[in-house]
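Single-letter residue listing:
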Amino acid sequence: MPHIHRTAWFGLCLLLACPLSVVNARAAEPAADNLLRARIVDTDVELGMLVTGTIEIDAAGQVQRYTVEHRDKLPKAVTTLIDSRVPLWRFEPVELPEGQATTLSSMALRFVAHRAGETDYAVALRSASFQAMQDDAPETHELRISGKPAYDYPGNAARAGVSAVAYVAMLIDPSGKVKDAAIRQVNLRIDGNETQLSEWRGYFAREAVRFAKRLRFSPPTTGPDAGKGPWTATLPIDYQPLSRESRLPGRWDTYRPGPISAIPWAAPDSEGADAPPDTAIPSRLQNSNEHRRLREPLNSAD
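Values in this document were obtained by computation on a predicted structure and should not be read as measured data.

The rules we used
Residues numbered from 1 in each chain as written. Predicted model: local features only at pLDDT ≥ 70, side-chain atom pairs only at ≥ 80, totals over all residues. Heavy atoms only, no water. Helix = DSSP H or I, 4+ residues; strand = E, 2+ residues; numbered from the N terminus. Contact = heavy atoms within 4.5 Å. Areas by Shrake-Rupley, 256 points an atom, 1.4 Å probe, with all protein chains shown as cover. Phe/Tyr/Trp six-rings, centres within 6.5 Å; stacked < 30°, edge-to-face > 60°. Buried < 20%, exposed > 50% of the residue type's maximum accessible area, 1.4 Å probe, protein only. Polar contact = N/O pair within 3.5 Å; in protein donor to acceptor, adjacent residues only side chain to side chain. Salt bridge = Lys/Arg side-chain N within 4 Å of Asp/Glu carboxyl O. Pairing = 2+ DSSP bridges. Core = buried A, V, L, I, M, F, W, Y, C linked by side-chain atoms within 4.5 Å. pLDDT = per-residue confidence, 0-100.

## Brief notes about the overall build of the chain
Thought 1: Counting secondary structure elements, the chain contains four helices and 12 strands.
Thought 2: In the chain, once contacts between residues fewer than 6 apart in sequence are set aside, the share between residues at least 24 apart is 79%.
Thought 3: Looking at the chain as shown, the accessible area adds up to about 14700 Å², and 50% of this sits on carbon and sulfur atoms.

## What about the packing of aromatic side chains?
Thought 1: Throughout the structure, instances matching the rule amount to six aromatic pairs.
Thought 2: Taken together, a centroid distance of 6.0 Å and an interplanar angle of 35° make the contact between W200 and F204 tilted. Taken together, the residues span about one helical turn, with W200 and F204 both in helix α4 (residues 194-214) at a distance of four residues. Each member of the pair, W200 as well as F204, carries the same accessibility label: buried.
Thought 3: With a centroid separation of 5.7 Å and an interplanar angle of 75°, the aromatic rings of Y203 and F204 are classed as edge-to-face.

## Here we look at the environment of D253
Thought 1: Within the element layout of this structure, D253 appears in strand β12 (residues 253-255).
Thought 2: Between the alpha carbons of D253 and V112 there is a distance of 9.4 Å; along the sequence they are 141 residues apart.
Thought 3: A polar atom in the side chain of D253 sits 3.0 Å from the side chain of R189.

## Comments concerning the pattern of salt bridges
Thought 1: The final tally for this structure, using the stated rule, is nine salt bridges.
Thought 2: A salt bridge links R189 to D253; the nearest nitrogen and oxygen atoms lie 3.0 Å apart. With R189 in strand β9 (residues 178-189) and D253 in strand β12, this pair connects stretches of sequence that are 64 residues apart.
Thought 3: Given a relative accessible area of 11%, D253 falls into the buried group.
Thought 4: E207 is the partner of R210 in a salt bridge, and the nearest nitrogen-oxygen pair spans 3.1 Å. Of the two residues, R210 and E207 both sit in helix α4, three residues apart, roughly one turn of that helix.
Thought 5: R210 gets classed as partly exposed once you look at its relative accessible area, which sits at 44%.
Thought 6: When its relative accessible area of 23% is taken as the criterion, E207 is described as partly exposed.

## Observations concerning the pairing of strand β11 (residues 231-239)
Thought 1: Burial analysis of β11 places nine of its nine residues in the buried class, which makes it a mostly covered element.
Thought 2: Because side chains alternate across β11, one face comprises the buried residues W231, A233, L235, I237 and Y239, and the other comprises T232, T234, P236 and D238, equally buried.
Thought 3: The sheet contact formed by strand β8 (residues 163-172) and β11 spans nine bridges and is antiparallel. Within the sheet, the bridge partner assigned to I172 lies in β11 and is W231.

## So, the side chain of T52
Thought 1: Along the polypeptide, T52 turns up in strand β3 (residues 46-58).
Thought 2: A relative accessible area of 17% places T52 in the buried class.
Thought 3: The contacts of T52, once residues within four sequence positions are left out, are V68, E69, M107, A108 and I281.

## Some remarks on the nonpolar core
Thought 1: Core analysis: the biggest nonpolar cluster contains 30 residues, and M170 and F204 have the highest contact counts within it.
Thought 2: Elements with a minimum of two residues in this core: β8, β9, α4 and β11.
Thought 3: The element best represented in this core is α4, accounting for nine residues.
Thought 4: Not counting residues up to four positions away in its chain, the partners in contact with M170 are V178, D180, A181, A212, L215, F217, W231, T232, A233, L235, W265 and L285.
Thought 5: Among the nonpolar cores identified, the runner-up in size contains 28 residues, and V51, V63, V78 and L96 belong to it.

## So, the confidence of the model for the chain
Thought 1: Of all residues in the chain, 77% attain a pLDDT of 70 or more, and the chain-wide mean is 78.
Thought 2: For the stretch residues 1-41, pLDDT sits under 50, and the model shows 137 contacts to residues farther than four places along the chain or on other chains.

## Description of the side chain of T102
Thought 1: Looking at the element boundaries, T102 is found in strand β5 (residues 102-115).
Thought 2: Within the local environment of T102, its side chain forms a polar contact with the side chain of E56, the two groups lying 2.4 Å apart.
Thought 3: Ignoring sequence-local partners within four residues, the contact set of T102 consists of E56, I57, D58, Q64, R65 and L96.

## Details of the environment of V123
Thought 1: Take V123: it is sitting in strand β6 (residues 120-132).
Thought 2: According to the relative accessible area criterion, V123 is buried, its value standing at 1%.
Thought 3: Taking the C-alpha atoms as reference, V123 lies 8.6 Å from L81; in sequence the two are 42 residues apart.

Below, the structure is given as structure tokens:
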């Protein structure tokens, strides 16, 4: 297997719970159309929320500013946890161009909620990823999907009322062709026994890999990543009925998380090889030339 020189995104697992992050059950309850609403007491079922924003750090790695998308729509427990932790984070130093004081990165945070009594939920920040942003950089600096490919909501799943998020990793060669693809994780929005769940995970995994292998990419031709393939990119695909495609910000998604598989062609110690896939944004290719790393674990301030 080839050694990977670039990875699409970098995530950090953490075990961090906020003492102030117990929220009323009705505030944390998932949307009414959720297939698992009546089964949230099941320990195999997870309430999850992906929060996105930006973070700006200086050359020393200190946080100078950050933004949170749709802040007014988020539960108070989530914003409290963000505001109490983000300012304390310290990243690895960054080499900046002369005259530039800070650098901007995207921020994706995965929150989960678990029962903490008869009526309350405890909210925790479980994983996060940060990747460099170059707002003024030309498109030729980036690895991009060619065209506007569309994936189909599989007919068998539609008839059965099953939806899922499949996270698929791709090995992309310098010409933009997908040399290999492998599923990282499949999270199901369905109830069932272990055999049924395994069959549905396999079904969505095969669909996602089949779709990924048909993709073509436009490799970067300028900038620091030009000519430095192969690349590894992660694409989350949210298979769901059209009526659920626009999930409102601040709503909890209920699902059965699947096991996380390693990227088979990546060395265990390579950058991003063990990154959690659940911070990738559905239907968007996660790609970055630089991965922002924290100096210490996110819960080190506890």
